[in-house]
Every structure is written in C-alpha cells, then in structure tokens.
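Observations on the three-dimensional arrangement
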Amino acid sequence: MTDKRLLILDDDPLIGQTMEAIARSVGFEVVITLQAAEFFRQLDGWGPSHIAIDLVMPDMDGVEVLVELARRGCNAHIIISSGVGSRVLDAAARSAKEHGLPIAGVLAKPFSPGDLRELLVKSGSVSGSSGGQLAASTDRSFNDITEQELAVALENHEFELVYQPKVFCTNGILAGFEALVRWNSPKRGLLAPNAFISLAETSGLIRPMTREIIRMGIHWLGAGFDVDNETTESSCRQRLADLTLSINLSARSLGDTEFIDFVVAECMRAGVETSCLVFELTETSAMEDPVASLDLLTRLRMKGFKLSLDDFGTGYSSMLQLVRLPFSEIKVDKSFVMTAGRSEESRTVIRSIVELGHSLGLQATAEGVEDEETLSFLRETGCDMAQGYLLSRPLDSERAKAWGRRNIRQSLSGK
Ligand code: C2E
Ligand code: CA
Ligand code: CA
C-alpha cells in the first residue's frame, strides 16, 4: 500500500471524479465518498494520508466534519474546497487549524488541476528532509496514548529535537534556529508535537519534558558548528556566536519556580550565553496567569534570555498585555504568512503586526514562509526575520548544522 491515499468527501460525483484523476496523476490511491457516514467509515478502515472535504454539503456541513475530525485526532493532510468564496474558506481553514487539524490548503471552486496537484505534492512531502518521515501524518488517532507511555518514553529519552533555520529577511543570513520536539517512538514511529504535547500538558509531564528539551537544545548549540577554526574569519566566528536558539514553552512551564535556575545552570554548563536563548510563548499561555507570567518573564529577561510572542494574531490577548510583558520578538502566525500570496486580508494583518512590533521596539519574525513572493513582501514590510519551508524544513541536528555552515560560507563569499 502506498503512503499517498486521498479520501474525498464531496456530494458532487463529478467533482470527486475530477479530483480523483488529478490525484492519480501524481501517484495517489483515491477513494471517493458522497456522504459523511461513508466518509468516516473509510477514514477508520483505510487510513488516508490526505483528505479533501467540500465545505457545503446537504447532509452535513463541512465544518461539522472538521470538528469531528479534530475530535478523533485526525492527522491526515486536509484540503478544504468549496465554491463559497475565499473569505469563508479561509475562515474555515483557520477554525480547523485552531482545532489542531493539519490543513494542507484551501481550494476555491472552480479550481485548476494545477491547484490541487500543488497542494497534494507539497503536503505529500512533509518532513521529507527532517530526518525521518513523520508517522503522525498517516496515523488515524493518538487518543490511545497514555500518560504512562509518555512517562516511559521520557525516561527512555525517546524525545528528539529538530531545528528549523530562521534568517534575516534582507540578506538571507542565518539568525538562529527554532527547536521543535519529535517523539521517536519505537512502537509508533516519529510523532509530531500535536500528537502528545497537550497530553504532556494536562498530565504534568510537560515540566520534565521541557527540561529535557532545553537540555538537548542548549547542548546542541553549545557543541558549536564544526567550522574550521584556522580558515574562519572573525566575522564568521562572531556570527556563529550570535546565533540564537528558540525554544517553545508551555503555559505550565511558567509555574515552575526553579525553572530559571535550571536554565541558567544548563547554559553555564554548555558555555552558552543566556542571550542566545529565545523562549517562545503563545499569547494565551502568557496571559493565563498574568501576574506569575510577568514575574517569571521579567526575571528571565533580567538574566539575559530573550522572549518571543509566538503565533501572534491568533490569541485573545489585549494589546495592553502585550505592552506590559517584556517580549523582545513578535512572531506573525503562519496562518497569515502562508496565505499572504492570495489574501489581501492576510497581507494587511502581517503589515499591522510588523508595525505594532516595531513601534514597541520588538523584532518581527514571520513563520510559514513558503514562497519567494511572500519573502519579498515581508522585505517590503520591513519584517526582520523569516522562517519556513522556502528556506528550510525542520532538520535533524546534523543536517541543521550543515545547513548553518553552508549559509555562513555563502554569506561570507558574498552570495
Ligand atoms: P510553532 O511553535 O508555531 O512551530 C511552528 C510549526 O510550523 C512547526 O510544526 C513547523 O514544522 C511548522 N512550519 C514551519 N515552517 C512552515 C511552513 O513554511 N509551512 C508549514 N505548513 N508549516 C511550517 P511542528 O514542529 O509540528 O510544531 C507544532 C507546534 O507544536 C509548535 O508550533 C509548538 O506550538 C508545539 N511545539 C513544538 N515543539 C515544542 C516543544 O519543544 N515544546 C512545546 N511546549 N511545544 C512545542
Ligand atoms: Ca514556536
Ligand atoms: Ca508559531
């Protein structure tokens, strides 16, 4: 059986058949369903890697189907299609993402064969170079992962980090990396964080897990980039010394009173400056307990660490809170960046976030940059840094270092 299996839910058989022909031309097996009940039967029995859903159908609306998919922990790449207009489609995609669903993209009907092909091919190669295929993309459900299993995995050091480069928009020079956790489970394969982070959070395992992640990340950064010292110019050494590593923090970690002492000690052990570490928090996590957050975040800043407000534009915080908390960077959520090419609305949001960040003295990073046009647009807006598949997918530790060496060599040779 191939790992390219597309399950279609569309009440119009003609559309289903058209999609089928296109998908088969790029190597997919296809099953078409006309009704939700049949769709869910196939989902359970067949385990598609990709799903295409019509948003508007007579017996069940597509949004309900998406909610049910989220409830089941579906991890197939989802393509949402409809003739309802791109604003409604974008809204549906956003809501699906907020439910944690991996949305490969939206297709406004009528679509061209190229549009669908592109979505299938692009999402089909997810994590291709990240040092292993994510099993999560084809797994039907993670609802059976238990706390006990997670605790054992932690003890057995089954969690790993992959690193995604982040570059300056103006010249493409490497600014640093974001560390993203993966669970390399002997039983389940390589799992993406959406399969286990929320269980880690609710079970309290997130604290030891975050510490393990921080230990690995700091050690990786501290081990250096193996650039030949004799031929290395001082400007190159300086650049390497300035590289940052961003680490995601859950709200729960903010309640860990010994957290700061722990990170400072790890930095000292690995010979890493505290200013090289950036902690990424989401608006919601930073706002959960504003007083405790303010205390901890201020103390972190005083120790020299940087703080980044992640996924900006998707949370519910007020601007007042953003001003109150000592962030050094604002990260534009990828849902806006990935749609910048075709949505004027997204471009407006990006422009305003970059401007807001700059007016508060923060650096702005856009993540989810997938094409050159978006990168040029970001340059125009004055956005400081970019991260996304266009530059590189998240890479395993060795590949990430090789990427870094290549980038630095190229930038020094003036390319
Ligand atoms: P995030 O912090 O917003 O991380 C960015 C996510 O976007 C990553 O997914 C990354 O692989 C993906 N991404 C980057 N560039 C692109 C792009 O151009 N296009 C698309 N479509 N996606 C892109 P990943 O690794 O699956 O992580 C998902 C989320 O899991 C993260 O979102 C973060 O909230 C959480 N997470 C990851 N690692 C950790 C961790 O160590 N600790 C905690 N607490 N949460 C983590
Ligand atoms: Ca992040
Ligand atoms: Ca983010």
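Calculation notes
- Residues numbered from 1 in each chain as written.
- Chains lettered and ligands numbered in written order.
- Predicted model: local features only at pLDDT ≥ 70, side-chain atom pairs only at ≥ 80, totals over all residues.
- Heavy atoms only, no water.
- Donors = N, O, S within 2.8 Å, 3.2 Å for Na, K, Ca; no water.
- Helix = DSSP H or I, 4+ residues; strand = E, 2+ residues; numbered from the N terminus.
- Pairing = 2+ DSSP bridges.
- Axes fitted to C-alpha atoms, helices over the stretch in contact; angles between N-to-C directions.
- Contact = heavy atoms within 4.5 Å.
- Near = heavy atom within 4 Å.
- Polar contact = N/O pair within 3.5 Å; in protein donor to acceptor, adjacent residues only side chain to side chain.
- Areas by Shrake-Rupley, 256 points an atom, 1.4 Å probe, with all protein chains shown as cover.
- Salt bridge = Lys/Arg side-chain N within 4 Å of Asp/Glu carboxyl O.
- Buried < 20%, exposed > 50% of the residue type's maximum accessible area, 1.4 Å probe, protein only.
- Patch = residues over 30% accessible without salt bridge, like charges linked within 9 Å, V, L, I, M, F, W, Y side chains within 5 Å.
- Domains from an automatic or database assignment.
- Nonpolar A, V, L, I, M, F, W, Y, C, P; charged D, E, K, R; others polar.

Details of the coordination of the calcium ion (ligand 3)
The calcium ion (ligand 3) binds to the protein through Asp310 (OD), Asp311 (OD) and Glu367 (OE), with metal-donor distances spanning 1.8 to 2.4 Å. The sequence pattern describing where the donors of the calcium ion (ligand 3) fall on their chain is D-D-x55-E. The two metals, the calcium ion (ligand 3) and the calcium ion (ligand 2), are separated by 3.9 Å and share Asp310 as a common coordinating residue. Taken together, the positions of Asp311 in strand β11 (residues 306–312) and Glu367 in strand β13 (residues 363–367) put the pair 56 residues apart, joining distant regions of the chain.

Considering the sheet that holds strand β2 (residues 29–33)
If you trace the five strands from one edge of the open sheet to the other, you get β2-β1-β3-β4-β5, paired in parallel fashion. Of all the strands in the sheet, just β2 and β5 (103–108) have a single pairing partner and so form its edges. Sheet twist, expressed as the mean angle between neighbouring strand axes with direction ignored, is 15 degrees. Sheet topology note: the strand β1 (residues 5–9)/β2 ladder contains five bridges and is parallel. Opposite Ile8, over in β2, you have Ile32 as the bridge partner. Across the sheet, helix α1 (residues 13–25) touches β1, β2, β3 (50–54), β4 (77–82) and β5, and the angle it forms with β2 is around 170 degrees.

Concerning the coordination of the calcium ion (ligand 2)
For the calcium ion (ligand 2), every protein donor is listed as Glu178 (OE), Asn248 (OD1), Glu280 (OE) and Asp310 (OD), and the spread of their distances is 2.1 to 2.3 Å. Going along the chain, you hit the donors of the calcium ion (ligand 2) in the pattern E-x69-N-x31-E-x29-D.

Here we look at the site of ligand 1
The environment of ligand 1 is formed by 21 residues, the closest being Arg182, Asn248, Ser250, Glu370 and Tyr389. Asp310 is positioned such that a nitrogen or oxygen atom in its side chain is 3.0 Å from an oxygen atom of ligand 1. The backbone of Tyr389 places a nitrogen or oxygen atom 2.8 Å from an oxygen atom of ligand 1. Taking 800 Å² as the accessible area of ligand 1 by itself, protein coverage stands at 85%.

A closer look at the pattern of salt bridges
In total, this model carries 22 salt bridges according to the counting rule given. Here Arg71 ties to Glu68 by a salt bridge, and the two come within 2.9 Å at their closest N and O atoms. With a gap of three residues between them, Arg71 and Glu68 both fall in helix α3 (residues 62–71), about one helical turn apart. Classification of Arg71 by relative accessible area gives exposed; the value is 58%. Residue classification places Glu68 among the buried positions, given a relative accessible area of 18%. The network of salt bridges with shared partners includes Asp44, Glu68, Arg71 and Arg72.

Regarding a nonpolar patch on the surface
Where nonpolar side chains cluster on the molecular surface, the patch consists of Val56, Val84 and Val88 and spans about 220 Å² of accessible area. Positionally, Val84 belongs in the loop between β4 and α4 (86–98). The class for Val84 is partly exposed, based on a relative accessible area of 37%.

Examining the domain arrangement of the protein chain
Entries for the protein chain in the domain assignment read domain 1 (5–125) and domain 2 (147–413). With centres defined by C-alpha atoms, the gap from domain 1 to domain 2 works out at 31 Å. Taken together, the 10 residues of domain 1 in the interface contact nine residues of domain 2. Our count for the domain 1 to domain 2 interface comes out at three salt bridges. Where Arg94 meets Glu345, a salt bridge forms, and the shortest distance between an N and an O atom there is 3.9 Å. If you look at where domain 1 meets domain 2, you find three residue pairs in polar contact (both at pLDDT 80 or more). Tallying contributions element by element places α4 first for the side of domain 1 that touches domain 2, with five residues. Across the side of domain 1 that touches domain 2, the residue classes tally to one nonpolar, three polar and six charged.

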